[in-house]
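Here is what each chain is made of, one letter per residue.
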Amino acid sequence: MDTGELRPATELAAKRASRFANETADYAKARMALLAEEIEVRRHLTRLAEQRRRLPPGPVVEKNYRFKDENGSETGLAEMFGHHDTLVTYFWMFGPQRERPCPMCTNFLGGANGNGADVKQRVAFKIIGRSPVERQRAFAMERGWRDLDFAQTVGDDYARDLGLLDAKGNEYPGLTVYQKDGNEVRVFYSSEMPAEAADPGQDPRGAVDIAPLWNILDMTPAGRGTSWYPKLTY
């Protein structure tokens, strides 16, 4: 994006034509100022995506991590790409010690399922857990998910090496994008927002927020709220 060619956000926001004839002057002024900020944020997100795509070659995956696919066959990371050169993975908190999966992981995967078929036109997309695939799929059927592909880790090296499983058995979610580089698999991008980076009064979260739930609630008067939590059943 050539930022030198961009017109000022305030100039573009001034072109706003209200859809509501009875809005007050105060509302119109505040909405125009907000629109200018929204334009700036959109531009920043575009720069962020471009910066991410300019990352130099990431580390080569040297370990031969093994997984079980939905057919019960053992496979490796390279095979999970299929015919794509990019593999997006999400490690969800649904280990064998859990009676039910993490509600927040579940919430994200519900939105991901809605876009799963479209995503898989561009890249390979795998949901990875420590529970058997049959158990993961049973929960997926309970939620009505049809467009997610699941895999089970064989052993815990993968989860431990990526910092998704600690010595006490606590699991953590992880979004990791891999890229094929000839015969090698490299890490292209991995979400790395430490808990210590959370701002006061906020849960730890990355940028951009990949869960539709939060983006929708951020547009509402009360926002995300603090006294509720996504549920596994409704």
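A short tour of the structure in this document, coming up.

What to know about the pairing of strand 4 (residues 124–129)
In summary, the side chains of a regular strand alternate between the two faces of the sheet.
Then, in step 1: Of all six residues in strand 4, five are buried; the element is thus mostly enclosed.
Then, in step 2: Here strand 3 (residues 86–91) runs beside strand 4; their pairing, made up of five bridges, is parallel. Opposite Tyr90, over in strand 4, you have Ile127 as the bridge partner.
Then, in step 3: Crossover strand 3 to strand 4 through helix 3 (residues 103–122) is right-handed.
Then, in step 4: Where strand 4 lies against strand 5 (residues 150–153), three bridges are found, and the strand directions are parallel. Bridge assignment links Gly129 to a residue of strand 5, and that residue is Gln152.

Points about the pairing of strand 6 (residues 174–181)
Then, in step 1: The sheet contact formed by strand 3 and strand 6 spans six bridges and is antiparallel. Note on strand 6: the bridge partner recorded for Tyr90 is Leu175.
Then, in step 2: Across six bridges, strand 6 lies against strand 7 (residues 184–190) in antiparallel orientation. For Tyr178, the partnering residue across the bridge sits in strand 7 and is Val187.
Then, in step 3: Between strand 6 and strand 7, which pair antiparallel in sequence order, lie two residues; one of them, Gly182, sits at a positive phi of approximately 65°.

Points about the side chain of Thr153
Then, in step 1: Within the element layout of this structure, Thr153 appears in strand 5.
Then, in step 2: The buried category is assigned to Thr153, whose relative accessible area is 4%.
Then, in step 3: Only 3.2 Å separates the side chain of Thr153 from the backbone oxygen of Gly155, close enough to count as a polar contact.
Then, in step 4: Setting aside residues up to four positions removed in sequence, Thr153 forms contacts with Arg66, Phe67, Phe91, Ile128, Gly129, Arg130 and Tyr158.

Points about the side chain of Thr106
Then, in step 1: With respect to the element layout, Thr106 can be found in helix 3.
Then, in step 2: The exposure class of Thr106 is buried, given its relative accessible area of 1%.
Then, in step 3: For Thr106, the side chain forms a polar contact with the main-chain oxygen of Cys102, separated by 2.8 Å.
Then, in step 4: Those residues within four positions of Thr106 in sequence are excluded, and the remaining contacts are Trp92, Pro101, Phe139, Arg143, Trp145 and Leu232.

What counts and how
- Residues numbered from 1 in each chain as written.
- Predicted model: local features only at pLDDT ≥ 70, side-chain atom pairs only at ≥ 80, totals over all residues.
- Heavy atoms only, no water.
- Buried < 20%, exposed > 50% of the residue type's maximum accessible area, 1.4 Å probe, protein only.
- Helix = DSSP H or I, 4+ residues; strand = E, 2+ residues; numbered from the N terminus.
- Pairing = 2+ DSSP bridges.
- Right-handed = clockwise from strand over helix to strand, strands pointing away.
- Polar contact = N/O pair within 3.5 Å; in protein donor to acceptor, adjacent residues only side chain to side chain.
- Contact = heavy atoms within 4.5 Å.

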